[in-house]
Amino acid sequence: MSGKDKEDANEDWVRIVSNEGYSYLVRRKVALRSGTLKSMLSTETNFAEASSKTCEVHERAAVVEKFVEYLAYKTTYENSPPKEDIPDFFERIVPEVALELTFVAIASGSERELTVPCAA
């Protein structure tokens, strides 16, 4: 695949579906921030998700929505200059989804990037 083809592929949209059936459309480059989603969407693996551009995340919609929001946040700020004021993502996490979001981060290969602080 040439550089231009890879760039075009990263601008594709993929669908991430919760176990409740809610769908979230995100750019491929956002979904690829997750190691698990990256493997599922790789054309080299021959997974059904790669051809359908649809990945199921077996969590409730509120958790999947926050996970997708985190992937978009990470993509937006990953190349920010060090002096730029980056908003704290953890302020966006409600306690009701914190534990489940941690499990999704571990399962998706993002655990080193997303460690949800626990309230004392």
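The notes below deal with the structure included here. (Residues numbered from 1 in each chain as written. Predicted model: local features only at pLDDT ≥ 70, side-chain atom pairs only at ≥ 80, totals over all residues. Heavy atoms only, no water.)

**Notes on helix 5 (residues 61-77)**
The end-to-end C-alpha separation of helix 5 is 24 Å, in line with the 24 Å expected for 17 residues at 1.5 Å each. Three or more residues of helix 5 are buried, namely Ala61, Val63, Val64, Lys66, Phe67, Val68, Tyr70, Leu71, Tyr73 and Thr75. Where helix 5 is buried, its residues meet strand 1 (13-17), strand 2 (23-27), helix 2 (28-31), helix 3 (35-41) and helix 6 (95-108). (Helix = DSSP H or I, 4+ residues; strand = E, 2+ residues; numbered from the N terminus. Expected span 1.5 Å × (residues − 1). Buried < 20%, exposed > 50% of the residue type's maximum accessible area, 1.4 Å probe, protein only. Contact = heavy atoms within 4.5 Å.)

**Here we look at the pairing of strand 1**
Sheet topology note: the strand 1/strand 2 ladder contains five bridges and is antiparallel. Bridging from a neighbouring strand, Ile16 pairs with Tyr24 of strand 2. In terms of strand pairing, strand 1 meets strand 3 (residues 54-56) through three bridges, oriented parallel. When the sheet's bridge partners are listed, Arg15 is paired in strand 3 with Thr54. (Pairing = 2+ DSSP bridges.)

**A short note on a nonpolar patch on the surface**
Together, Leu99, Phe103 and Ile106 make up a nonpolar patch on the protein surface, roughly 320 Å² of accessible area in all. Secondary-structure assignment places Leu99 in helix 6. (Patch = residues over 30% accessible without salt bridge, like charges linked within 9 Å, V, L, I, M, F, W, Y side chains within 5 Å. Areas by Shrake-Rupley, 256 points an atom, 1.4 Å probe, with all protein chains shown as cover. Salt bridge = Lys/Arg side-chain N within 4 Å of Asp/Glu carboxyl O.)

**Description of the environment of Glu49**
Structurally, Glu49 can be placed in helix 4 (residues 48-52). What makes Glu49 partly exposed here is its relative accessible area of 22%. Separated by 35 residues in the primary sequence, Glu49 and Val14 place their C-alpha atoms 9.3 Å from one another. With residues near it in sequence (within four places) discarded, Glu49 still touches Met40, Leu41, Thr54 and Cys55.

**Focus on the sheet that holds strand 1**
One open sheet holds the three strands; their spatial order is 2-1-3, and the pairing between them is mixed. Of all strands in the sheet, those bounded by a partner on one side alone are strand 2 and strand 3. Averaged over all adjacent pairs, the angle separating strand axes in this sheet is 25 degrees, with direction ignored. Contacts between helix 5 and the sheet are confined to strand 1 and strand 2, with strand 2 contributing the most and set at about 10 degrees to the helix. (Axes fitted to C-alpha atoms, helices over the stretch in contact; angles between N-to-C directions.)

**Considerations on the pattern of salt bridges**
Summed over all chains, the structure comprises five salt bridges. In this structure, Arg60 engages Glu100 in a salt bridge whose closest nitrogen and oxygen atoms are separated by 2.8 Å. Here Glu100 lies in helix 6 and Arg60 lies in the loop between strand 3 and helix 5, a separation of 40 residues in the sequence. Looking at Arg60, the relative accessible area reads 30%, which means it is partly exposed. You can call Glu100 partly exposed: its relative accessible area is 23%. Taking the shortest distance from any N to any O, the salt bridge between Glu69 and Lys66 comes out at 3.1 Å. Here Glu69 pairs with Lys66, and both are found in helix 5, just three residues apart, close to one helical turn. According to the relative accessible area criterion, Lys66 is buried, its value standing at 14%.

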